[in-house]
Amino acid sequence: MQLDDLDQRIVASLTDDARRSFADIGAEVGLSAPAVKRRVDRLRHRGVIKGFTTVVDASAIGWAIEAFVEIFCDGRVSPTRIRAMVRDVPEVLEAFTVTGDADAFLHVRAENMSDFERVLEHVRSHDGISKTRSTIVLSRL
């Protein structure tokens, strides 16, 4: 879907702060609040805007460890199966299939190292997982 200039500006505004009111966005882009709402509804209906979210400071709620975990599989393991392995693990924030040596990539937040180790052991316990490789985040730049 091609976005016109107004749609691009509305999406940029919502990306910056999804809680902005339609009136506030309208004042910025030169539209009425109802016109902004119609455009946002259309963008949601067409799948351009998938949803709205809250960004939480993980360390403020006690998740001090951040890591990226590469998953290596024996043979072929489907993305659906990998998703099922980690779906109910709250410490796994995101999971991706990737190109390269690894088969999948996990973004993990954990309370502490023993919590992180528990998550790793859970992932490793599934049939078809041959190994994992973890990278712990020291700081965000």
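Preceding block: the structure.
Calculation rules
- Residues numbered from 1 in each chain as written.
- Predicted model: local features only at pLDDT ≥ 70, side-chain atom pairs only at ≥ 80, totals over all residues.
- Heavy atoms only, no water.
- Axes fitted to C-alpha atoms, helices over the stretch in contact; angles between N-to-C directions.
- Helix = DSSP H or I, 4+ residues; strand = E, 2+ residues; numbered from the N terminus.
- Parallel < 35°, antiparallel > 145°, perpendicular 65-115°, else oblique.
- Contact = heavy atoms within 4.5 Å.
- Pairing = 2+ DSSP bridges.
- Expected span 1.5 Å × (residues − 1).
- Buried < 20%, exposed > 50% of the residue type's maximum accessible area, 1.4 Å probe, protein only.
- Arc of directions from axis to C-beta.

### Overview of the packing of helix H2 (residues 22-29) against helix H3 (residues 33-45)
Part 1: The contact between H2 and H3 brings their axes to 8 Å, and the two run at 100°. If you check the angle between H2 and H3, you find them roughly perpendicular. Across the interface between the two elements, Phe22, Ala23, Ile25, Gly26 and Val29 from H2 touch Ala33, Val36, Lys37 and Val40 from H3.

### A short note on the sheet that holds strand S3 (residues 104-110)
Part 1: Overall, antiparallel pairing links the 4 strands, which are arranged S2-S3-S1-S4 in an open sheet. Strands with a single pairing partner mark the edges of an open sheet, and in this sheet they are strand S2 (92-97) and strand S4 (129-136). The average angle at which neighbouring strand axes cross in this sheet is 20°, direction not considered.
Part 2: Here 7 bridges tie strand S1 (residues 65-73) to S4, and the two strands are oriented antiparallel to one another. Bridge pairing links Phe72 to Lys131 in S4.
Part 3: Helix H4 (residues 79-86) contacts S1, S2, S3 and S4 of the sheet and is inclined by roughly 170° relative to S2.
Part 4: Seen against the sheet, helix H5 (residues 113-124) touches S1, S2, S3 and S4 and runs at an angle of roughly 155° to S4.

### Examining H3
Part 1: An ideal rise of 1.5 Å per residue puts 18 Å on 13 residues; H3 measures up with 18 Å between its terminal C-alpha atoms.
Part 2: Along H3, the residues classified as buried are Ala35, Val36, Arg39, Val40 and Leu43. Seen along its axis, H3 keeps its buried residues to an arc of 135°; they face one direction. Projecting away from the buried face of H3 at angles above 90 degrees are the exposed residues Arg38 and His45.

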